[in-house]
Amino acid sequence: RDAGSNLSALRGMRLFRLFKLARSWKSMRQILGTLGVALGSLGPLTLVWVIFMYIFALLGMQYLGGEFRFVKTDTPRSNFDSFFPSSNGHGAFIVTFQIITTENWNTVMYNSIMATKNPLAALLTISIVIFGNYIIMNLFISILLQGFG
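Report on the accompanying structure.

The rules behind the values
Residues numbered from 1 in each chain as written. Predicted model: local features only at pLDDT ≥ 70, side-chain atom pairs only at ≥ 80, totals over all residues. Heavy atoms only, no water. Helix = DSSP H or I, 4+ residues; strand = E, 2+ residues; numbered from the N terminus. Rg over C-alpha atoms; globule rule 2.2 N^0.38 Å. Buried < 20%, exposed > 50% of the residue type's maximum accessible area, 1.4 Å probe, protein only. Contact = heavy atoms within 4.5 Å. Areas by Shrake-Rupley, 256 points an atom, 1.4 Å probe, with all protein chains shown as cover. Lys, Arg positive; Asp, Glu negative; His and termini not counted. Charge placed at Lys NZ, Arg CZ, Asp CG, Glu CD. Salt bridge = Lys/Arg side-chain N within 4 Å of Asp/Glu carboxyl O. Core = buried A, V, L, I, M, F, W, Y, C linked by side-chain atoms within 4.5 Å. Patch = residues over 30% accessible without salt bridge, like charges linked within 9 Å, V, L, I, M, F, W, Y side chains within 5 Å. Axes fitted to C-alpha atoms, helices over the stretch in contact; angles between N-to-C directions. Parallel < 35°, antiparallel > 145°, perpendicular 65-115°, else oblique. Left-handed = near helix turned anticlockwise from the far one by under 90°. Phe/Tyr/Trp six-rings, centres within 6.5 Å; stacked < 30°, edge-to-face > 60°.

**Structural notes on the overall build of the protein chain**
Part 1: Secondary structure assignment for the protein chain yields seven helices and zero strands.
Part 2: Taking 149 residues into account, the globule formula puts the C-alpha radius of gyration at 15 Å, and the protein chain, at 21 Å, lies well above it.
Part 3: For the protein chain, the spread of C-alpha atoms along the three principal axes comes to 60 × 50 × 20 Å.
Part 4: Within the protein chain, the fraction of its 149 residues that count as buried is 29%.
Part 5: The contacts in the protein chain between residues at least 6 apart in sequence include a share of 51% that link residues at least 24 apart.
Part 6: Summed over all atoms, the accessible surface of the protein chain reaches about 10100 Å², with 66% contributed by carbon and sulfur.
Part 7: Taking the average location of the 12 positive side-chain charges in the protein chain and that of its 5 negative ones, the two points are 21 Å from each other.

Listed below in structure tokens is the structure:
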């Protein structure tokens, strides 16, 4: 088994071929340089994005914290019970990121409606999708693409 792990480490060294290719390929160096410049200008938008996620995570904790308790099932992992990940679930900050990336956001919305028995609870999830995904994510992508323009 030790010989296999040593061999696996040598296979990992093949990754350095990629760096050698990047050094010798002129257009690849230009793309990586442009990407580095574009990433440098993403700092302020990243700060806005984190503040946005913080605000909506706190809103979710205020209105939906401790509400996702269902009789026939366990508490879902995507809940707003705590800010950071804990034994109760992923945490409100991670759930807000999950909604922004539209990964299973409809389940979080459905759980919020079923837990509060109020269809207006969907407004929090929908506003995170609208503002987080369609505005901030598109700004993020446009700044990256601007570096290539």
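**Details of the pattern of salt bridges**
Should the charged atoms of two oppositely charged side chains come close, the side chains can pair.
Part 1: If you walk through the whole model with that rule in mind, you get one salt bridge.
Part 2: Arg69 is the partner of Asp81 in a salt bridge, and the nearest nitrogen-oxygen pair spans 2.8 Å. Note that Asp81 is positioned in the loop between helix H4 (43–64) and helix H5 (92–100) and Arg69 in the loop between H4 and H5, a separation of twelve residues in sequence.

**Section: H5**
Part 1: Along H5, the residues that are buried comprise Ala92, Val95, Thr96, Gln98, Ile99 and Ile100.
Part 2: Summarising the contacts, the buried residues of H5 are in contact with H4, helix H6 (105–116) and helix H7 (122–148).
Part 3: Looking at the residues trailing H5, positive phi occurs at Thr102, about 55°.

**Notes on the nonpolar core**
Part 1: In terms of nonpolar packing, the biggest core is built from 19 residues, with Trp49, Phe52, Phe80, Ile99, Ile100 and Ile128 touching the most fellow members.
Part 2: Tallying contributions element by element places H4 first for this core, with six residues.
Part 3: Setting aside its immediate chain neighbours within four residues, Trp49 contacts Phe97, Ile100, Ile136, Met137 and Phe140.

**Some thoughts on a nonpolar patch on the surface**
Part 1: A contiguous nonpolar patch, built from Leu7, Leu10, Met13, Leu15, Phe16, Leu18, Phe19, Leu21 and Trp25 and spanning about 950 Å² of accessible area, is present on the exposed surface.
Part 2: Put simply, the parts of the chain that give the nonpolar patch at least two residues each are helix H1 (2–12) and helix H2 (16–24).
Part 3: Ranked by the residues each element gives to the nonpolar patch, the list is headed by H2, at four residues.
Part 4: Judged by its relative accessible area of 38%, Leu21 falls in the partly exposed class.

**Overview of the packing of H5 against H7**
Part 1: Axis separation between H5 and H7 bottoms out at 8 Å; the angle between their running directions is 65°. With respect to each other, H5 and H7 are oriented roughly perpendicular. Crossing angle aside, the handedness with which H5 passes H7 is right-handed. Together, Thr96, Ile99 and Ile100 of H5 and Thr125, Ile128, Val129, Gly132, Asn133 and Met137 of H7 make up the contact between the two elements.

**Here we look at the packing of aromatic side chains**
Part 1: In total, this model carries seven aromatic pairs according to the counting rule given.
Part 2: Judged by centre distance (5.5 Å) and plane angle (45°), the ring pair of Phe83 and Phe93 falls under tilted. In this pair, Phe83 sits in the loop between H4 and H5 while Phe93 sits in helix H5, placing the two residues ten residues apart along the sequence.
Part 3: Residue Phe83 is classed as buried on the basis of its relative accessible area, which comes to 16%.
Part 4: Overall, Phe93 belongs to the partly exposed group, its relative accessible area being 22%.
Part 5: Of the aromatic side chains, those joined through ring pairs into one cluster are Tyr54, Phe83, Phe84 and Phe93.

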